[in-house]
Amino acid sequence: MITDELEKIIIVEGLTDKKQIRKVITDDVTIICTNGTLGVERFDQMLEDYALDDKDVYILVDEDESGQKLRKQLARELPHAEHIYVSSEYREVATTPENILAQVLVSKRIAVNPIFLI
(Lines give C-alpha, C1' and ligand atoms only; values in the text may rest on other atoms or scores of the structure.)
Protein backbone atom coordinates (compact mmCIF):
# COMPACT_ATOMS: atom_id res chain seq x y z
CA MET A 1 0.00 0.00 0.00
CA ILE A 2 1.39 3.38 -1.03
CA THR A 3 1.17 6.18 1.51
CA ASP A 4 2.25 9.80 1.47
CA GLU A 5 4.53 9.31 4.48
CA LEU A 6 7.00 7.07 2.65
CA GLU A 7 9.97 8.53 0.82
CA LYS A 8 9.52 8.47 -2.96
CA ILE A 9 12.14 6.98 -5.24
CA ILE A 10 12.10 7.00 -9.04
CA ILE A 11 14.34 4.52 -10.84
CA VAL A 12 15.45 5.63 -14.32
CA GLU A 13 17.99 4.44 -16.86
CA GLY A 14 20.30 7.38 -17.36
CA LEU A 15 21.47 10.80 -16.26
CA THR A 16 19.60 12.59 -19.07
CA ASP A 17 16.37 10.96 -17.83
CA LYS A 18 17.13 12.14 -14.30
CA LYS A 19 17.79 15.70 -15.50
CA GLN A 20 14.54 15.79 -17.48
CA ILE A 21 12.52 14.67 -14.44
CA ARG A 22 14.32 17.13 -12.13
CA LYS A 23 13.21 19.97 -14.44
CA VAL A 24 9.53 19.33 -13.76
CA ILE A 25 9.17 17.93 -10.23
CA THR A 26 8.84 19.89 -7.01
CA ASP A 27 8.49 16.83 -4.77
CA ASP A 28 11.45 15.73 -2.66
CA VAL A 29 12.15 12.59 -4.66
CA THR A 30 15.31 10.51 -4.87
CA ILE A 31 16.10 9.58 -8.48
CA ILE A 32 18.33 6.55 -9.02
CA CYS A 33 20.10 5.97 -12.35
CA THR A 34 20.75 2.36 -13.33
CA ASN A 35 22.81 3.35 -16.39
CA GLY A 36 20.73 0.95 -18.45
CA THR A 37 21.74 -2.34 -16.89
CA LEU A 38 21.48 -3.84 -13.47
CA GLY A 39 23.45 -6.87 -12.36
CA VAL A 40 22.47 -8.87 -9.29
CA GLU A 41 25.28 -7.46 -7.16
CA ARG A 42 24.52 -3.88 -8.16
CA PHE A 43 20.79 -4.36 -7.58
CA ASP A 44 21.42 -5.83 -4.11
CA GLN A 45 23.61 -2.85 -3.27
CA MET A 46 20.93 -0.43 -4.50
CA LEU A 47 18.26 -2.30 -2.51
CA GLU A 48 20.34 -1.97 0.64
CA ASP A 49 21.61 1.60 0.09
CA TYR A 50 18.15 3.02 -0.57
CA ALA A 51 16.03 0.59 1.54
CA LEU A 52 13.79 0.12 -1.49
CA ASP A 53 11.50 -2.35 0.28
CA ASP A 54 10.45 0.46 2.65
CA LYS A 55 9.90 3.23 0.10
CA ASP A 56 7.39 4.28 -2.54
CA VAL A 57 9.26 3.12 -5.64
CA TYR A 58 8.40 4.20 -9.17
CA ILE A 59 9.94 2.76 -12.33
CA LEU A 60 10.24 5.17 -15.26
CA VAL A 61 12.31 3.83 -18.13
CA ASP A 62 12.45 4.32 -21.90
CA GLU A 63 9.92 2.60 -24.15
CA ASP A 64 12.59 0.72 -26.09
CA GLU A 65 13.97 -2.80 -25.91
CA SER A 66 16.55 -2.09 -23.20
CA GLY A 67 14.03 -0.09 -21.16
CA GLN A 68 11.47 -2.88 -21.33
CA LYS A 69 14.07 -5.44 -20.29
CA LEU A 70 15.04 -3.31 -17.30
CA ARG A 71 11.37 -2.71 -16.40
CA LYS A 72 10.71 -6.47 -16.36
CA GLN A 73 13.76 -7.11 -14.19
CA LEU A 74 12.79 -4.36 -11.73
CA ALA A 75 9.18 -5.57 -11.65
CA ARG A 76 10.37 -9.03 -10.60
CA GLU A 77 12.70 -7.66 -7.92
CA LEU A 78 10.39 -4.87 -6.69
CA PRO A 79 6.81 -6.13 -7.01
CA HIS A 80 5.51 -3.23 -4.89
CA ALA A 81 6.89 -0.62 -7.32
CA GLU A 82 4.52 1.45 -9.42
CA HIS A 83 5.20 1.81 -13.12
CA ILE A 84 5.23 5.13 -14.94
CA TYR A 85 5.12 5.01 -18.72
CA VAL A 86 6.06 7.57 -21.35
CA SER A 87 4.35 7.38 -24.71
CA SER A 88 6.03 5.19 -27.29
CA GLU A 89 5.69 8.27 -29.51
CA TYR A 90 8.57 9.85 -27.53
CA ARG A 91 10.32 6.53 -26.76
CA GLU A 92 12.76 8.06 -24.26
CA VAL A 93 12.17 9.75 -20.94
CA ALA A 94 14.82 12.36 -21.81
CA THR A 95 13.04 13.38 -25.04
CA THR A 96 9.51 13.43 -23.60
CA PRO A 97 8.23 17.03 -23.53
CA GLU A 98 8.15 18.50 -20.02
CA ASN A 99 4.38 19.03 -20.05
CA ILE A 100 3.73 15.37 -20.98
CA LEU A 101 6.21 14.15 -18.37
CA ALA A 102 4.58 16.38 -15.74
CA GLN A 103 1.16 14.88 -16.51
CA VAL A 104 2.32 11.28 -16.06
CA LEU A 105 4.16 12.16 -12.84
CA VAL A 106 1.15 13.98 -11.37
CA SER A 107 -0.99 10.94 -12.16
CA LYS A 108 1.24 9.02 -9.71
CA ARG A 109 0.94 11.67 -6.98
CA ILE A 110 4.35 13.21 -7.60
CA ALA A 111 4.27 17.00 -7.27
CA VAL A 112 5.39 18.99 -10.29
CA ASN A 113 5.85 22.66 -11.09
CA PRO A 114 2.33 23.79 -12.13
CA ILE A 115 3.76 25.78 -15.05
CA PHE A 116 4.20 22.44 -16.87
CA LEU A 117 0.50 21.60 -16.47
CA ILE A 118 -0.79 24.63 -18.38
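This one's a predicted model, so the numbers in the text were calculated from it and none came from an experiment.

Rules used throughout
- Residues numbered from 1 in each chain as written.
- Predicted model: local features only at pLDDT ≥ 70, side-chain atom pairs only at ≥ 80, totals over all residues.
- Heavy atoms only, no water.
- UniProt positions renumbered as here; feature names shortened; annotations may be inferred.
- Helix = DSSP H or I, 4+ residues; strand = E, 2+ residues; numbered from the N terminus.
- Buried < 20%, exposed > 50% of the residue type's maximum accessible area, 1.4 Å probe, protein only.
- Pairing = 2+ DSSP bridges.
- Right-handed = clockwise from strand over helix to strand, strands pointing away.
- Core = buried A, V, L, I, M, F, W, Y, C linked by side-chain atoms within 4.5 Å.
- Contact = heavy atoms within 4.5 Å.
- Salt bridge = Lys/Arg side-chain N within 4 Å of Asp/Glu carboxyl O.
- Expected span 1.5 Å × (residues − 1).
- Arc of directions from axis to C-beta.

Colleague: Can you help me understand the UniProt feature "domain: Toprim" (unreviewed entry) in the chain in this one?
Modeller: The sites that carry the UniProt feature "domain: Toprim" (unreviewed entry) are, in the present numbering, residues 7-97. Counted over residues 7-97, helix gives 37% and strand 20%. Its end C-alpha atoms are 26 Å apart.

Colleague: How should I be thinking about the pairing of strand S3 (residues 56-60) in this particular structure?
Modeller: With five of five residues buried, S3 lies mostly within the body of the structure. Of the two faces of S3, the one lined by Asp56, Tyr58 and Leu60 and the one lined by Val57 and Ile59 are each fully buried. With four bridges connecting them, strand S1 (residues 8-12) and S3 associate as parallel partners. By the bridge assignment, Lys8 is partnered in S3 with Asp56. Here S3 pairs with strand S4 (residues 82-84) via three bridges, running parallel. For Tyr58, the partnering residue across the bridge sits in S4 and is Glu82. Note on the crossover from S3 through helix H3 (residues 65-77) to S4: the handedness is right-handed.

Colleague: For this particular structure, what's the right way to read the nonpolar core?
Modeller: If you look at soluble globular proteins, the nonpolar side chains tend to sit buried side by side. Formed by 18 residues in total, the largest nonpolar core has its most connected members in Ile10, Ile21, Ile25, Leu60, Leu101, Leu105 and Ile110. If sequence neighbours within four positions are ignored, Ile10 has contacts with Ile21, Val29, Thr30, Ile31, Ile32, Tyr58, Leu60, Leu105 and Ile110. Residues Phe43, Leu52, Val57 and Ala81 belong to the second largest nonpolar core, which totals 14 residues.

Colleague: Teacher, can you tell me more about the pattern of salt bridges here?
Modeller: Where charged atoms from two side chains of opposite charge approach closely, those side chains can pair. Applying the stated criterion to the full structure yields six salt bridges. Note that Lys23 and Glu98 form a salt bridge whose closest N and O atoms lie 3.4 Å from each other. Taken together, the positions of Lys23 in helix H1 (residues 15-24) and Glu98 in helix H4 (residues 98-106) put the pair 75 residues apart, joining distant regions of the chain. The class for Glu98 is partly exposed, based on a relative accessible area of 26%. Linking Glu82 and Lys108 is a salt bridge whose minimum nitrogen-to-oxygen distance equals 3.4 Å. Here Lys108 lies in the segment after H4 and Glu82 lies in strand S4, a separation of 26 residues in the sequence. Overall, Glu82 belongs to the buried group, its relative accessible area being 17%. Residues participating in the shared-partner salt-bridge network are Glu82, Lys108 and Arg109.

Colleague: Would you explain the environment of Ile9 in this entry?
Modeller: One can find Ile9 in strand S1. In the structure, Ile9 is positioned 48 residues away from Val57 in sequence and 4.8 Å away in space, judged by C-alpha atoms. Leave out the neighbours within four places in its chain, and Ile9 touches Val29, Thr30, Ile32, Tyr50, Leu52, Lys55, Asp56, Val57 and Tyr58.

Colleague: How should H3 be read in this particular structure?
Modeller: An α-helical turn contains 3.6 residues, so a residue and the one three or four places further along point in the same direction. If you check H3, its first and last C-alpha atoms are 19 Å apart, about what 13 residues at 1.5 Å a residue would give, namely 18 Å. Restricting attention to buried positions, one finds in H3 the residues Gly67, Leu70, Arg71, Gln73 and Leu74. The arc that holds every buried residue of H3, seen down its axis, measures 165 degrees, which confines them to one face. H3 presents Glu65, Lys69, Lys72 and Arg76 as exposed residues on the side facing more than 90 degrees away from its buried surface. Considering only its buried residues, H3 is in contact with S1, helix H2 (40-50), S3 and S4.

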